[in-house]
Amino acid sequence: DTEVTQTPKHLVMGMTNKKSLKCEQHMGHRAMYWYKQKAKKPPELMFVYSYEKLSINESVPSRFSPECPNSSLLNLHLHALQPEDSALYLCASSQDPGKNYGYTFGSGTRLTVV
Amino acid sequence: GENVEQHPSTLSVQEGDSAVIKCTYSDSASNYFPWYKQELGKRPQLIIDIRSNVGEKKDQRIAVTLNKTAKHFSLHITETQPEDSAVYFCAASGPNTGNQFYFGTGTSLTVIP
């Protein structure tokens, strides 16, 4: 399995809703990432997990809460989002947090906040 | 921190011509430079990468060159085809960035049949 799987593919939520995005990989990668991407812009790093521990939080608002239950799973819990949070949310993984390897990106979750 | 600039932001070429996209970076310690292709509505996909101990790398119609002294690297696509149309992102990473990627702003490439 050489893929990163994200669910759901599309999500529409109200500003008072609570929802979760899920990401799964079975490549044995020990670094996992959440990125946010607006249309025609580069991906922006949100969170990095290295060996299941949060290692980087790029000053993301607390309405986004990451979780890494095990080495294969990464969740992003969403609560009280704003319309400007509408974007494509990409999960990625890489082989070794201590070394430079290319990321494998998931297909993303297209989030719309209404 | 690292700062990656990418040019041009849009590029149109005739099918069969070559396309060149250029990126510069600021941190001389950066040592890994991947290129990603993102088709409309799809995930970014790694198409080629280069490490700082190499000056050039080729994979069929795609090549990347790196000039460490000038701190710039370029993507070259030869014999372009309509399916090459996409947004291309360069990135840089290294020990000073915690091996996290800093992406360029992207180049929207259109190959005209």
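All of these numbers come straight from a predicted model, not from anything done at the bench. (Residues numbered from 1 in each chain as written. Chains lettered and ligands numbered in written order. Predicted model: local features only at pLDDT ≥ 70, side-chain atom pairs only at ≥ 80, totals over all residues. Heavy atoms only, no water.)

### Remarks on the pairing of strand 8 (residues 73–79) of chain A
All names here are of chain A. Bridging between strand 3 (residues 18–25) and strand 8 involves 7 bridges; their strand directions are antiparallel. The partner of Leu21 across the bridge, within strand 8, is Leu76. Examined bridge by bridge, strand 7 (residues 64–70) and strand 8 share 5 bridges and lie antiparallel to one another. Residue pairing in the sheet places Asn70 in a bridge with Leu73 of strand 8. Count of turn residues in the strand 7/strand 8 antiparallel hairpin: 2 residues. (Pairing = 2+ DSSP bridges. Helix = DSSP H or I, 4+ residues; strand = E, 2+ residues; numbered from the N terminus.)

### Structural notes on the sheet that holds strand 8 (residues 72–77) of chain B
The strands that make up a sheet are held in pairs by hydrogen bonds between backbone atoms, and each pair lies either parallel or antiparallel. Residue and element names in this part refer to chain B. Here 5 strands make up an open sheet; going across it, the order is 1-3-8-7-6 and the pairing antiparallel. For this open sheet the edge positions go to strand 1 (4–7) and strand 6 (56–59), each flanked by a neighbour on one side alone. On average, adjacent strands in this sheet sit at an angle of 15° to one another, irrespective of strand direction. Note that strand 1 and strand 3 (residues 19–25) share 4 bridges and pair antiparallel. Note that in strand 3 the partner of His7 across the bridge is Lys22. (Axes fitted to C-alpha atoms, helices over the stretch in contact; angles between N-to-C directions.)

### What about the packing of aromatic side chains?
Summed over the entire model, instances satisfying the criterion amount to 19 aromatic pairs over all chains. Seen from their ring centres, Tyr103 of chain A and Phe101 of chain B are 3.8 Å apart, and the 10° between their planes marks the pair as stacked. Here the residue Tyr103 of chain A occupies a position in the loop between strand 9 (87–94) and strand 10 (104–105), and Phe101 of chain B occupies one in the loop between strand 9 (86–92) and strand 10 (102–103), the pair thus bridging two chains. Among the residues examined, Tyr103 of chain A registers a relative accessible area of 3% and is labelled buried. Among the aromatic residues, ring-to-ring pairing joins Tyr33, Tyr35, Tyr103 and Phe105 of chain A together with Tyr32, Tyr36, Phe89, Phe101 and Phe103 of chain B into one connected group. (Phe/Tyr/Trp six-rings, centres within 6.5 Å; stacked < 30°, edge-to-face > 60°. Buried < 20%, exposed > 50% of the residue type's maximum accessible area, 1.4 Å probe, protein only.)

### Let's talk about the interface of chain B and chain A
Residue-level contacts link 19 residues of chain B with 24 residues of chain A. Summing both partners gives a buried area of about 1700 Å² for chain B against chain A, and 49% of it is carried by carbon and sulfur. Contact with chain A buries area across many residues of chain B, yet Arg43, Gln100 and Phe103 of chain B alone supply 36% of it, more than any other trio. In this structure, the connection of chain B to chain A is made through 0 salt bridges. Taken together, the connections running from chain B to chain A amount to 7 residue pairs in polar contact (both at pLDDT 80 or more). (Contact = heavy atoms within 4.5 Å. Buried area = accessible area lost by both parts, 1.4 Å probe. Salt bridge = Lys/Arg side-chain N within 4 Å of Asp/Glu carboxyl O. Polar contact = N/O pair within 3.5 Å; in protein donor to acceptor, adjacent residues only side chain to side chain.)

### Points about the sheet that holds strand 8 of chain A
All names here are of chain A. Reading across the sheet, the 4 strands line up as 1-3-8-7 and stay open at both edges, with antiparallel pairing between neighbours. Among the strands making up the open sheet, the edge pair consists of strand 1 (4–7) and strand 7. Adjacent strand axes in the sheet meet at a mean angle of 20°, parallel and antiparallel pairs treated alike.

### Topic: the pattern of salt bridges
Residues and elements named next belong to chain A. Counted under the stated rule, the structure contains 5 salt bridges over all chains. Between Glu52 and Arg30 there is a salt bridge whose closest N-O contact spans 2.6 Å. Of the two residues, Glu52 sits in the loop between strand 5 (44–50) and strand 6 (53–57) while Arg30 sits in the loop between strand 3 and strand 4 (31–37), which places them 22 residues apart along the sequence. By relative accessible area, which is 31% here, Glu52 ends up partly exposed. Between Asp85 and Arg63 there is a salt bridge, and its shortest N-O distance comes to 2.7 Å. Remark: Arg63 occurs in the loop between strand 6 and strand 7 and Asp85 occurs in the loop between strand 8 and strand 9; sequence separation between them is 22 residues. What makes Asp85 buried here is its relative accessible area of 2%. Note on Arg63: relative accessible area 23%, which makes it partly exposed.

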